Each structure stands twice: as structure tokens, then as C-alpha cells.
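Here is how the chains run, residue by residue.
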Number of protein chains: 2
Amino acid sequence: MTLQTKPATEPISKSRLRLWLKLLKLTSGIEATLRRRLRDNHDTTLPRFDVLSALSRYPDGLKMSDLSTYLKVSNGNVTGIVDRLTEEGLALRVASPGDRRAQVARLTPNGKAAFDALARHHEAWVDDLLTGLSADEAKTLTRLVEKALAAQEQP
Amino acid sequence: MTLQTKPATEPISKSRLRLWLKLLKLTSGIEATLRRRLRDNHDTTLPRFDVLSALSRYPDGLKMSDLSTYLKVSNGNVTGIVDRLTEEGLALRVASPGDRRAQVARLTPNGKAAFDALARHHEAWVDDLLTGLSADEAKTLTRLVEKALAAQEQP
DNA sequence: TGGTCATATTTCAAGCATAAAATTTCGTGC
DNA sequence: GCACGAAATTTTATGCTTGAAATATGACCA
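What this report covers is the structure whose coordinates are included nearby. (Residues numbered from 1 in each chain as written. Chains lettered and ligands numbered in written order. Predicted model: local features only at pLDDT ≥ 70, side-chain atom pairs only at ≥ 80, totals over all residues. Heavy atoms only, no water.)

1. A short note on the overall build of chain A
Working step 1: Helices and strands together make up the secondary structure of chain A, namely six helices and three strands.
Working step 2: Each helix and strand of chain A, ordered N terminal to C terminal, gives the series α-α-β-α-α-β-β-α-α.
Working step 3: Here the C-alpha radius of gyration of chain A, 21 Å, is well above what a compact globule of 155 residues would show, namely 15 Å.
Working step 4: Each of the three principal axes of chain A carries a C-alpha extent, and together these read 75 × 35 × 25 Å.
Working step 5: The proportion of buried residues among the 155 residues of chain A is 41%.
Working step 6: Pairs at least 24 apart in sequence give 48% of the contacts found in chain A among residues at least 6 apart.
Working step 7: Accessible surface for chain A amounts to roughly 8900 Å². Of this, 52% is attributable to carbon and sulfur atoms. (Helix = DSSP H or I, 4+ residues; strand = E, 2+ residues; numbered from the N terminus. Rg over C-alpha atoms; globule rule 2.2 N^0.38 Å. Buried < 20%, exposed > 50% of the residue type's maximum accessible area, 1.4 Å probe, protein only. Contact = heavy atoms within 4.5 Å. Areas by Shrake-Rupley, 256 points an atom, 1.4 Å probe, with all protein chains shown as cover.)

2. Brief notes about the sheet that holds strand 3 (residues 103–107) of chain B
Residue and element names in this part refer to chain B.
Working step 1: Taken in spatial order, the three strands of this open sheet run 1-3-2, and their pairing is antiparallel. Unpaired on one side and paired on the other, strand 1 (62–63) and strand 2 (91–95) mark the two borders of the sheet.
Working step 2: Sheet topology note: the strand 2/strand 3 ladder contains five bridges and is antiparallel. The residue bridging R93 from the neighbouring strand is A105, located in strand 3. (Pairing = 2+ DSSP bridges.)

3. Description of the protein's contact with DNA strand D
Working step 1: Around DNA strand D lies a shell of 24 residues, among which R48, S74 and R84 of chain A together with S65 and N75 of chain B are the nearest.
Working step 2: When atoms of DNA strand D within 4 Å of the protein are sorted by moiety, sugar and phosphate together comprise 81%.
Working step 3: In this structure, a sugar or linking oxygen belonging to DNA strand D sits 3.4 Å away from a side-chain N or O atom of R101 of chain A.
Working step 4: At a separation of 2.5 Å, a phosphate oxygen of DNA strand D approaches a polar backbone atom of S65 of chain B.
Working step 5: Within the residue set of the surface near DNA strand D, elements represented by two or more residues are helix 2 (46–56) and helix 4 (75–87) of chain A together with helix 3 (64–71) and helix 4 (75–87) of chain B. (Near = heavy atom within 4 Å. Polar contact = N/O pair within 3.5 Å; in protein donor to acceptor, adjacent residues only side chain to side chain.)

4. Thoughts on the protein's contact with DNA strand C
Working step 1: Lining the immediate environment of DNA strand C, one finds 23 residues, of which S65 and R101 of chain A together with R48, S74 and R84 of chain B sit closest.
Working step 2: Protein-adjacent atoms of DNA strand C, using a 4 Å cutoff, are sugar or phosphate at a proportion of 80%.
Working step 3: Contacts to DNA strand C include R39 of chain A, whose side-chain N or O atom sits 3.2 Å from a sugar or linking oxygen.
Working step 4: The side chain of R93 of chain A places a nitrogen or oxygen atom 3.0 Å from a phosphate oxygen of DNA strand C.

5. A closer look at the side chain of T108 of chain B
Working step 1: Examined against the element boundaries, T108 of chain B turns out to sit in the loop between strand 3 and helix 5 (109–129).
Working step 2: With sequence-adjacent residues up to four places away left out, T108 of chain B is seen in contact with G89, L90, A91 and L92 of chain B.

6. Concerning unusual backbone geometry
Residues and elements named next belong to chain B.
Working step 1: Even without being a glycine, D43 presents a positive backbone phi close to 50 degrees.
Working step 2: Within the secondary structure layout, D43 lies in the loop between helix 1 (12–42) and helix 2 (46–56).
Working step 3: Located in the positive-phi region is K72, a residue other than glycine, with phi close to 60 degrees.

7. Considering the interface of chain A and chain B
Working step 1: In this complex, chain A contributes 48 residues to the contact, which on the side of chain B involves 48 residues.
Working step 2: Salt-bridge contacts for K147 of chain A lead to E137 of chain B; the nearest nitrogen and oxygen are separated by 2.6 Å.
Working step 3: For the interface between chain A and chain B, the tally reads 14 residue pairs in polar contact (both at pLDDT 80 or more).
Working step 4: With 20 residues, helix 1 (residues 12–42) of chain A is the largest single contributor of residues to the side of chain A that touches chain B. (Salt bridge = Lys/Arg side-chain N within 4 Å of Asp/Glu carboxyl O.)

8. Describing the sheet that holds strand 3 (residues 103–107) of chain A
Working step 1: The sheet built from three strands is open, its strands ordered 1-3-2 (chain A) with antiparallel pairing. Two strands close off the open sheet at either side, each with one partner strand: strand 1 (62–63) and strand 2 (91–95) of chain A.

Written as C-alpha cells, this is what we have:
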């Protein structure tokens, strides 16, 4: 009797599909945990965190369109998130000097402080959620992921 | 002059965070491409595809609650997606024999045919999006991802 | 000057996602 | 039989997300 979980001739497309499903399971799981902790412990969301993170790298602010390019989300999307951050006193809009069409979004001091606190927790959470990997394994994994990324064509 | 992109003493938490950001970039990129192709080429969405996929594995159907457990999404969420699949003639609800609270969702013949066609394209797309990796690299990556998955604790 | 096209943003409609509330039915203990 | 808590589902309110339409301004050219 022969035990064989997969045929020796299995096409590579099948192993790539299996890899994709595992990757998705890992990232969705981590993301779900991050969302839940942001919500339960800090009463905020991942999209808000992402916007705070982007703005914290640009102390002078970012045009709405640059923000949407940076985060790879639609213009209408950032409009809504920045609206809510503004209501919460974490961000504000400034008229762009020299172009009356454009708005520059930036953090308030409260927003900067809120992000700094969140970022510390976020890093610790990610560290915790990837404890299964040693430093070497993390580096190997990073290298392979980078290789996969390099070959990505969009259309 | 010394070139040093990262300090030798960099804590492992930083390399794990970098890994997380790369992982996220890879999976979000692939997912975005899959969503766009489902939409542009087949006029459907990833959540619908996921439900079709789950139901295709259970020809006798799945209770709504089992479907939401299987897909790891909320009950209210599956209600809406199955509603839309039903309107499109791809799924239907059957009363559960012996429990008048429960509904069993299952595919129509049209739904089964639609899924089979989508699944072929989906596998080819994933294969295409991961062409950067050889069979060996894909296996190494899968093994490391599985290791990371095994160490996941939820809370 | 005025016309025209491009750019920056917001608004809108639809779908996806969640948690929490509401509804219906089940099962059990009395 | 019936009271009562548990389970299955739907409904509701809110937020995220997109693509497309609408609005306003800029840039350029005739």
C-alpha cells in the first residue's frame, strides 16, 4: 500500500495556490487580532492607525491625494477617515498655500501623542504574533517575500 | 566612514515588524489584483467567490452559522452575501430538516458552474502572481508560514 | 479674455464587515 | 403544559471601501 498525500507530478500552480491560502490565513489572522486590540484597548481602528502613521512621518502634513496614493486607497476613502480623525481632534486640514483646490492633512499634538502610544503597542503586538519565528527565520521569510514582491506585475 | 543600514543590536521586534509590513504588502497586493480581475472579468467579488467556494465543497449545503464559522466572518455578513447570491440565482436557502430555526445554504447548478469557471481562473491568477518563486522557494516559504501560524495565539 | 482640459477634492450609491439587538425556535426542567 | 435559558438567524447602526459623478480651481492656449 502506498501513502501519497500529493501526486509526484503535482503542478507547481497547486503548490503556489496552497502557499497563497496559507499566506492569507497568516496575514488575515494577524490583522484580525490587531483590529480587535485596537478596538478593545484603544477604541480605534486599523484604517485610522494607518492614516495617523502616514501623517506622523510627514510633520508638515500631506495633501489628501498624496495620502491616498501613499496608503493605496481611494480619495473618497481618505476624505472619510480624515473627517473622523478631525472630529476626534487628532488631525486637521489646512488650506494648501498656492493651490486653493488642495487640502493638507496633518496631525494635531494630540494626534501625534496618540499615534506614538499606539505605535509602541502595535510593534509589541506584531512581535508577539510572530514569536513562532526566530530572527534567522524571520530574515529568510522576509527575503522570500521580497522576492515574490519583486515579481509582481499589476494588471 | 561606516555604512550601516541597521544597528547590529537591532531588536528582533524590529525585524519582525519589517517582516509584517512586507507580508502585508504582498498579500494586499495579490488580493487587490484578484478583486480587480473578479470584478472586471467576471463581474463578481472576492466575498462572493469565497462563499461559492465554501458551498462547492459541501454539495448538500451548509447551515448559515457553519458557513460563517468556516469563513470566519460574522453571521450578519453571510446573511447579506447569500442574499445577493440568491438574487443572482447562484445559491438558495433550504429549510433545515428537524430544526426550524436553521437555514441551509447551497449552490444552484448555475452557482456550481459559475464557481468551477471562476476557480480555474483564480488558480491561474495566483500562479501568475507568485511566479517570482520557484517550486522549492514556494515550499520553503510555505513551511515558514506554517510555523508562524502554529504559534498564533488569538487573544 | 475666454475656452478647454486637467487636477484636487468631496459626494454618492452600493457592497462588505462588525457588534449588538431583536426574533424565532429548541430543549430542558418542573 | 410552561417557563426559561440557549441557539440560529436576521435586522440595525456604524464604519470602511470602491468607482463614478459632481464641484471647484488651475493651467494653458488661442
